[in-house]
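Summary of the model geometry
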Amino acid sequence: MHGMVSYFIRRLLLLPLTFLCITFMVYAVMRSAPGGPIEQARLQAMTRLQEGGGGGPAKVGKSGEMELPQEALDDLKVYYQLDRPIPVGYAIWLGVWPNHSRGGKFSGIPQGDFGRSFRWSEPALHTIGDKMKVSIYFGLIGFFATWLVCIPLGVQKAIRHRSLFDTATSLLVFLGYAIPGFVAALILMLLLATDLGWSLLPLGRFRSEGWDDWWEQGKIARSVWDQIQHTIIPIMGYLVGGF
C-alpha cells in the first residue's frame, strides 16, 4: 500500500514538469512556424482589399504582396510578444513575467488572461469555451462507447480463447491500433458522406444549420436524429483508436 501511495505522489509531482515541458515546446513551435499573427493580419488586409473595403493600413508592395506599415508590424510584435526571446515570451504567457504591453502587469494563465486568438480574432478563452462543449460531448460519448464495446468483447474473447472469433477480433483490434482515428474518420467520410460512397450521413459540422429552429419549434425527433447523424462518423473514428 505504501508503495502505491508513493507511486501516485511521484506521478502527481511530475504533472507540473510535464505541463511546463509540453506547453513550452508548443509555444516554441508556434512562434517558429509560419502563419502567425503578422501573416494573418496581411491575409485579412488582402481579403478586405479584394472585397472592395480597402486594405486598411496595408498596401500592395512591389512584389504584388500585401505589406503592412512598419508601425503596425511593431505593434503586432509587441502585442504577441514576438519582439521578446521565446523563453521570455513563454514566461509572460505563463504569467510569471511582467507584460509591458499590459502596462507592466502580470497577465497570463494564472490571471485568466489567455490572450487573443489571431486565427479567430477573439479572446482565446472565449474560443476555448465555445469549442469545449463539442469536445466534452464527443469525449464522453466516445469514452462510454469504447467501454461498452471493449468489456463485452474482452469477455467473449476470454470465453472463446484461441477460437476463430478470438483470432478475427484480435486482427481487427490490431488493425485499429495501426490506423489513427482521424484517418479512419476521413475514410468513413468518403464512404458514407460523399458521392464517392453512399451519401448516407452529413459531411462536417456539429449540427445542421436549422437545428436550433427545429428545436425551438418542438421538432424534437428531427433534432435528435440530426444530432445522431452528425455523431456517427466522429465516434466511429474515436472507437477505432480507442481499443
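Residues numbered from 1 in each chain as written. Predicted model: local features only at pLDDT ≥ 70, side-chain atom pairs only at ≥ 80, totals over all residues. Heavy atoms only, no water.

Time to look at helix H9 (residues 220-240). Under the 1.5 Å per step criterion, the end-to-end length of H9 is 30 Å for 21 residues, consistent within 8% with the ideal 30 Å. Approximately 35° is the largest bend angle found in H9, and it occurs at isoleucine 232, with the proline proline 234 only one to four residues beyond. Listed as buried for H9 are Ser223, Asp226, Gln227, Gln229, His230, Thr231, Ile233, Ile235, Gly237 and Leu239. Looking at the packing, one finds that the buried side of H9 touches helix H5 (124-159), helix H7 (181-192) and helix H8 (211-216). (Helix = DSSP H or I, 4+ residues; strand = E, 2+ residues; numbered from the N terminus. Expected span 1.5 Å × (residues − 1). Bend = angle between axes of the 7 residues up to and from the residue. Buried < 20%, exposed > 50% of the residue type's maximum accessible area, 1.4 Å probe, protein only. Contact = heavy atoms within 4.5 Å.)

Moving on, we get to the nonpolar core. In terms of nonpolar packing, the biggest core is built from six residues, these being Ala185, Leu188, Leu192, Ala193, Leu201 and Ile233. Sorting elements by how many residues they give to this core places H7 first, with three residues. Beyond its immediate sequence surroundings of up to four residues, leucine 192 is in contact with Trp198, Ser199, Leu200, Leu201 and Ile233. Phe138, Ala145, Ile235 and Leu239 belong to the second largest nonpolar core, which has five residues in total. (Core = buried A, V, L, I, M, F, W, Y, C linked by side-chain atoms within 4.5 Å.)

A word on the pattern of salt bridges. Tallied over the full model, the rule gives one salt bridge. Between lysine 157 and aspartate 166 there is a salt bridge whose closest N-O contact spans 2.6 Å. As far as burial versus exposure is concerned, lysine 157 and aspartate 166 are alike and both buried. (Salt bridge = Lys/Arg side-chain N within 4 Å of Asp/Glu carboxyl O.)

Here we take up the packing of H7 against H9. In the contact formed by H7 and H9, the axes pass within 8 Å of each other and the chain directions differ by 140°. Taken together, the axes of H7 and H9 are oblique relative to one another. Viewed along their axes, H7 and H9 form a crossing whose handedness is right-handed. Within the contact between the two elements, H7 uses Gly181, Ala184, Ala185, Leu188, Met189 and Leu192 and H9 uses Ile233, Met236, Gly237 and Val240. (Axes fitted to C-alpha atoms, helices over the stretch in contact; angles between N-to-C directions. Parallel < 35°, antiparallel > 145°, perpendicular 65-115°, else oblique. Left-handed = near helix turned anticlockwise from the far one by under 90°.)

Further remarks concern H7. Compared with the 16 Å implied by 1.5 Å per residue over 12 residues, the 16 Å span of H7 between its first and last C-alpha is a close match. Considered for burial, the residues of H7 that qualify are Ala184, Ala185, Leu188 and Leu192. For H7, the angular spread of buried residues about the axis comes to 100°, placing them on one side. (Arc of directions from axis to C-beta.)

For the coordinates displayed, the defined rule picks out 11 aromatic pairs. Members of the aromatic cluster, connected to one another through ring pairs, are Phe24, Tyr27, Tyr90 and Trp93. Taking the ring centre of phenylalanine 165 as reference, the NZ or CZ of arginine 160 above it sits at 4.8 Å. One residue, arginine 222, lies across the ring of tryptophan 214, its end atom 3.9 Å from the ring centre. (Phe/Tyr/Trp six-rings, centres within 6.5 Å; stacked < 30°, edge-to-face > 60°. Lys NZ or Arg CZ within 6 Å of the ring centre and 35° of its normal.)

Moving on: unusual backbone geometry. Located in the positive-phi region is arginine 162, a residue other than glycine, with phi close to 65°. Residue placement: arginine 162 occurs in the loop between H5 and helix H6 (164-178). Backbone geometry at serine 199 places phi at a positive 55°, although glycine is not the residue there. With respect to the secondary-structure elements, serine 199 resides in the loop between H7 and H8.

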